[in-house]
Amino acid sequence: MKKILKVVSNLITLVLFLNLVLMAFLVISSKASKGETQLFGYQLKAVLSGSMEPTFLTGSIIGVKPLNSEARSKLKKDDIITFKTNEGILVTHRIMGVTESGQNILYVTQGDNNNASDKDPVLSDNVVAIYSGFTIPYIGYFINFAQSKEGTALLLIGPGILLLGYATFIIYRGLKELDVKTKNLEKKEDIV
């Protein structure tokens, strides 16, 4: 029974420690890259609207591959791209058509869940990335929370406090066992 408790104890310690390291990585990388969390060369973006449902759900995170200027001009119909609107907002929609206007390439985009194409065509220079096919549902809510001041504090301090509290519990339990062994040893000495 003691071996099982020790294994469970070690497992809990490992999970709490890995959680602390993961949260620190996510929060620090998000802050260092100004909100552009990256993993293996892909940027992770939170989906904030339902315009692309059912391709990806609101609250999901998606992986997008940043594009250079040459790749931006070679996109085609049905590619899913992330672009900056004239207001500077990032949007991820599907290319419905490609047109050339002089030296500029324009993309007509539309959300899969929208009835009509977007109002303004997207200039190829405004394309930021292309969708990689990587999606994790509902984690986007967590990423957005982690980027807030409250989220940063909670996700860095919370696991640390849990780990510290658990370490305190383990130390207390160890001291209690040591006290029991000491009392048993004293009883044996009294008998002899």
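Structure's up top.
Residues numbered from 1 in each chain as written. Predicted model: local features only at pLDDT ≥ 70, side-chain atom pairs only at ≥ 80, totals over all residues. Heavy atoms only, no water.

Asker: Pulling in residues and values, what's your account of the overall build of the protein?
Answerer: A tally of regular secondary structure across the protein gives four helices and eight strands. Secondary structure elements in the protein, listed N-terminal to C-terminal, are α-β-β-β-α-β-β-β-β-β-α-α. Whereas a compact globule of 192 residues would reach a radius of gyration of roughly 16 Å, the protein reaches 26 Å, over 25% beyond that. By principal-axis analysis of the C-alpha atoms, the protein measures approximately 105 × 30 × 25 Å. For the protein, with 192 residues in total, the buried portion stands at 28%. Split by element, the accessible area of the protein, about 12,700 Å² in all, is 64% carbon and sulfur. For the protein, the separation between the mean place of its 21 positive charges and that of its 17 negative charges on side chains is 9 Å. (Helix = DSSP H or I, 4+ residues; strand = E, 2+ residues; numbered from the N terminus. Rg over C-alpha atoms; globule rule 2.2 N^0.38 Å. Buried < 20%, exposed > 50% of the residue type's maximum accessible area, 1.4 Å probe, protein only. Areas by Shrake-Rupley, 256 points an atom, 1.4 Å probe, with all protein chains shown as cover. Lys, Arg positive; Asp, Glu negative; His and termini not counted. Charge placed at Lys NZ, Arg CZ, Asp CG, Glu CD.)

Asker: Before we move on, could you go through the pattern of salt bridges and cite the residues and values that matter?
Answerer: Inspection of every chain in the model, using the stated rule, returns three salt bridges. Residue Glu-70 pairs with Lys-74 through a salt bridge whose shortest N-O separation is 3.1 Å. Lys-74 carries the same exposure label as Glu-70, and that label is exposed. Linking Arg-94 and Asp-112 is a salt bridge whose minimum nitrogen-to-oxygen distance equals 2.8 Å. Remark: Asp-112 occurs in the loop between strand S6 (104-110) and strand S7 (122-123) and Arg-94 occurs in strand S5 (residues 90-101); sequence separation between them is 18 residues. For Asp-112, a relative accessible area of 31% gives the class partly exposed. (Salt bridge = Lys/Arg side-chain N within 4 Å of Asp/Glu carboxyl O.)

Asker: Outline the nonpolar core, listing residues and values.
Answerer: Judged by nonpolar contacts, Leu-67, Leu-75, Ile-81, Phe-83, Val-91, Ile-95, Ile-105, Tyr-107, Val-122 and Val-127 together constitute the single largest core of 10 residues. Among the secondary structure elements, those contributing two or more residues to this core are strand S4 (80-84), S5 and S6. (Core = buried A, V, L, I, M, F, W, Y, C linked by side-chain atoms within 4.5 Å.)

Asker: I'd like to hear about a nonpolar patch on the surface, residue by residue, with values.
Answerer: Residues Leu-11, Leu-14, Val-15, Phe-17, Leu-18 and Val-21 make up a contiguous nonpolar surface patch of roughly 550 Å² in combined accessible area. Checked against the element boundaries, Val-21 lands in helix H1 (residues 2-32). Residue class for Val-21 comes out partly exposed when judged on its relative accessible area of 42%. (Patch = residues over 30% accessible without salt bridge, like charges linked within 9 Å, V, L, I, M, F, W, Y side chains within 5 Å.)

Asker: Summarise the side chain of Thr-109; cite the residues concerned and give the values.
Answerer: Considering the arrangement of structural elements, one finds Thr-109 in strand S6. Taking the relative accessible area as the measure of exposure, Thr-109 reaches 0% and is therefore buried. Side chain to side chain, Thr-109 and Asp-118 meet in a polar contact 2.5 Å long. Apart from the residues within four sequence positions on either side, Thr-109 is in contact with Ile-81, Phe-83, His-93, Arg-94, Ile-95, Met-96, Ser-117, Asp-118 and Val-122. (Polar contact = N/O pair within 3.5 Å; in protein donor to acceptor, adjacent residues only side chain to side chain. Contact = heavy atoms within 4.5 Å.)

Asker: Mind laying out unusual backbone geometry, listing which residues take part and the relevant values?
Answerer: Residue Pro-54 is reached from Glu-53 by a cis peptide bond, and omega for that bond is 5 degrees. Position of Pro-54 relative to the elements: it lies in the loop between strand S2 (42-46) and strand S3 (61-66). A positive phi angle, close to 80 degrees, is found at Asp-78, a residue other than glycine. Following the sequence through the fold, Asp-78 ends up in the loop between helix H2 (69-72) and S4.

Asker: For the environment of Thr-82, give the residues involved together with the corresponding values.
Answerer: Looking at where Thr-82 falls in the secondary structure, it is placed in strand S4. On the basis of relative accessibility, which here comes to 1%, the residue Thr-82 falls in the buried class. Put simply, Thr-82 and Pro-66 are 16 residues apart on the chain and 9.0 Å apart in space, counted from C-alpha to C-alpha.

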